[in-house]
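Below, each chain spelled out in residue letters.
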Amino acid sequence: MPLVRIDTSDEWADFEVRLIGDAVFKTLQEVFSVPDGDKFQVIGRHALCDLNIASSFHGMEYSNQILLIQITLNEGRGPELKKIFYKTLVQDIQSVVNVRSEDVIVNLVEVCKENWSFGNGLAQLA
Amino acid sequence: MPLVRIDTSDEWADFEVRLIGDAVFKTLQEVFSVPDGDKFQVIGRHALCDLNIASSFHGMEYSNQILLIQITLNEGRGPELKKIFYKTLVQDIQSVVNVRSEDVIVNLVEVCKENWSFGNGLAQLA
Amino acid sequence: MPLVRIDTSDEWADFEVRLIGDAVFKTLQEVFSVPDGDKFQVIGRHALCDLNIASSFHGMEYSNQILLIQITLNEGRGPELKKIFYKTLVQDIQSVVNVRSEDVIVNLVEVCKENWSFGNGLAQLA
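Residues numbered from 1 in each chain as written. Chains lettered and ligands numbered in written order. Predicted model: local features only at pLDDT ≥ 70, side-chain atom pairs only at ≥ 80, totals over all residues.

Undergrad: Please give an account of the relation of the copies chain C and chain B that cites residues and values.
TA: When chain C is fitted to chain B, the best match, at an RMSD of 0.0 Å, comes from turning it 120 degrees and sliding it 0.0 Å along the axis. These values place the two chain copies in the arrangement generated by a three-fold rotation axis. For chain C, the minimum C-alpha distance to the rotation axis belongs to C:Val109 and amounts to 4.8 Å. The two copies present different faces, since only 3% of the interface residues in chain C are matched by interface residues at the equivalent positions in chain B. (Least-squares fit on C-alpha atoms with pLDDT ≥ 70 in both. Contact = placed C-beta atoms within 7 Å.)

Undergrad: I'd like a description of the interface of chain C and chain B, backed by residues and values.
TA: With 32 residues of chain C in contact, the opposing surface of chain B contributes 28 residues. Of the residues belonging to the side of chain C that touches chain B, the class tally is 16 nonpolar, eight polar and eight charged. Relative to strand β7 (residues 104-111) of chain C, strand β8 (residues 116-117) of chain B runs antiparallel, the two sharing two bridges. Its bridge partner lying in β7(C), B:Ser117 is registered against C:Val106. (Nonpolar A, V, L, I, M, F, W, Y, C, P; charged D, E, K, R; others polar. Pairing = 2+ DSSP bridges. Helix = DSSP H or I, 4+ residues; strand = E, 2+ residues; numbered from the N terminus.)

Undergrad: So what about the environment of B:Gln91? Which residues, and what values?
TA: In this fold, B:Gln91 is placed in helix α2 (residues 79-94). Between the alpha carbons of B:Gln91 and B:Ile66 there is a distance of 15 Å; along the sequence they are 25 residues apart.

Undergrad: Residues and numbers for unusual backbone geometry, please.
TA: Although it is not a glycine, A:His58 sits at a positive phi angle of roughly 55 degrees. Checked against the element boundaries, A:His58 lands in the loop between β4 (56-57) and β5 (60-61).

Undergrad: Describe the relation of the copies chain A and chain B, with residues and values.
TA: Take chain A, turn it by 120 degrees, move it 0.0 Å along the axis, and it overlays chain B with an RMSD of 0.0 Å. The fraction of interface residues of chain A whose copies in chain B are also interface residues is only 4%, indicating that the copies meet through different surfaces.

Undergrad: I'd like a description of the sheet that holds strand β3 (residues 51-53) of chain B, backed by residues and values.
TA: Taken in spatial order, the six strands make up an open sheet running β3(B)-β2(A)-β1(A)-β6(A)-β7(A)-β8(C), and their pairing is mixed. Among the strands making up the open sheet, the edge pair consists of β3 of chain B together with β8 (116-117) of chain C. The sheet contact formed by strand β1 (residues 3-9) of chain A and strand β2 (residues 40-46) of chain A spans seven bridges and is parallel. Residue pairing across strands places A:Ile6 opposite A:Ile43, the latter belonging to β2(A). Packing against the sheet, helix α2 (residues 79-94) of chain A makes contact with β7 (104-111) of chain A together with β8 of chain C, and its axis sits at approximately 135 degrees to β7(A). (Axes fitted to C-alpha atoms, helices over the stretch in contact; angles between N-to-C directions.)

Undergrad: Describe the pairing of strand β6 (residues 67-74) of chain A, listing the residues and the values that go with them.
TA: Residue and element names in this part refer to chain A. Of all eight residues making up β6, seven are buried, and the element is well covered by its neighbours. Note: β1 against β6, five bridges, orientation antiparallel. Looking at the pairing, Asp-7 lines up with Leu-68 of β6. Pairing geometry for β6 and β7, over eight bridges, is parallel. (Buried ≥ 20, exposed ≤ 12 C-beta atoms within 10 Å, placed from the backbone.)

Undergrad: Requested: an account of the interface of chain A and chain B, with residues and values cited.
TA: On the side of chain B, 32 residues touch chain A, which itself brings 28 residues to the contact. Per element, the largest residue contribution to the side of chain A that touches chain B is five residues, and it comes from β2(A). For the side of chain A that touches chain B, the per-class residue count stands at 12 nonpolar, 10 polar and six charged.

Undergrad: Account for α2(B), with residues named and values stated.
TA: Taking 1.5 Å per residue as the helical rise, α2(B) with its 16 residues ought to reach 22 Å, and the 23 Å between its terminal C-alpha atoms agrees with that figure. Considering only its buried residues, α2(B) is in contact with β8 (116-117) of chain A together with α1 (14-32) and β7 (104-111) of chain B. (Expected span 1.5 Å × (residues − 1).)

Undergrad: Lay out helix α1 (residues 14-32) of chain A with the relevant residues and their values.
TA: In a regular helix each residue adds 1.5 Å, so 19 residues correspond to 27 Å; α1(A) covers 26 Å between its end C-alpha atoms and thus fits that length. For α1(A), the complete set of buried residues consists of A:Val17, A:Ile20, A:Gly21, A:Ala23, A:Val24, A:Phe25, A:Thr27, A:Leu28 and A:Phe32. Residues of α1(A) that are buried in the fold lie against β1, β2, β6 and α2 of chain A together with β3 of chain B. Trailing α1(A) by a residue or two, A:Ser33 shows a phi angle of about 55 degrees, which is positive.

Undergrad: Mind laying out the sheet that holds strand β3 (residues 51-53) of chain A, listing which residues take part and the relevant values?
TA: As summarised here, the arrangement of the six strands in space is β3(A)-β2(C)-β1(C)-β6(C)-β7(C)-β8(B), forming an open sheet in which the pairing is mixed. Among the strands making up the open sheet, the edge pair consists of β3 of chain A together with β8 of chain B.

Written as structure tokens, this is what we have:
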């Protein structure tokens, strides 16, 4: 159910973005109890001219290896669980690739459960 | 008003993704009563290494020709109408290209009507 | 906090999409009071075959230089402020590049403030 978009620079190698994606999925399973197989991820690696990002915000400094992780998922997780998610996500990604913790940016977009079809024209969660 | 993102592999040809997009628009018109001309679609064809998708979920098996169709649209359609949309969408896409029904994944993101501008700096629906 | 996706054709040059992105950020700051440094933009320049857009809608005529600007941001801005945003956005973009006002399409997606992490695994706005 989560649809994950990971946008970053083209400085990451194929195997690295795959590791990052799998780490995101691991955290989704661990913290948000996403079921097995519920992995739908689109990775966009961009030339630097197509990433227009400030060098710093909220005391963070960003590098060319910034990861913009936008996750569309079902509503219902509370603020405290989301905080655990962000913290765990950084740890899980850092356990597989070399990335600065400041470079992990996350945005959640919440939808209701009838807003998904996982194939065969069915609304599997409704 | 619907902004449609179709993300898939680069195994689809130019004319095929255009047919798929037009089929999505046909279903939006038929089931969700989207007006003529309300077609705004961005198609992303990705190398397989940039699509990180489980091979199966909810009893579905996915292939390299999986279509991830994310549609941002106005709120207000009920669950039953959405179910009809998913079912019709698969039929409409299959009427123009050869795709497995399991490979059609849909996600709806709903917004309110003042969240659109279709040009000239106006909020045409507000 | 706003995550901005600008999708357009590959007819725009590097420096032009950067100017457009910076104009979007200027308007976000002016009208929506977005703070300094809160600039997270992903620009997608596509071959025309991957942009499936009707030639006209709501009396607008669209060209190959159409800009699809999707902005995920915090909820809370009212309809009147959004109208000012759309109007100002066109002016700000036109002050830096040559674009038809009809070609500026905007969609806002609103989320709650705990749905962001800007690095270090923190929910900075929650």
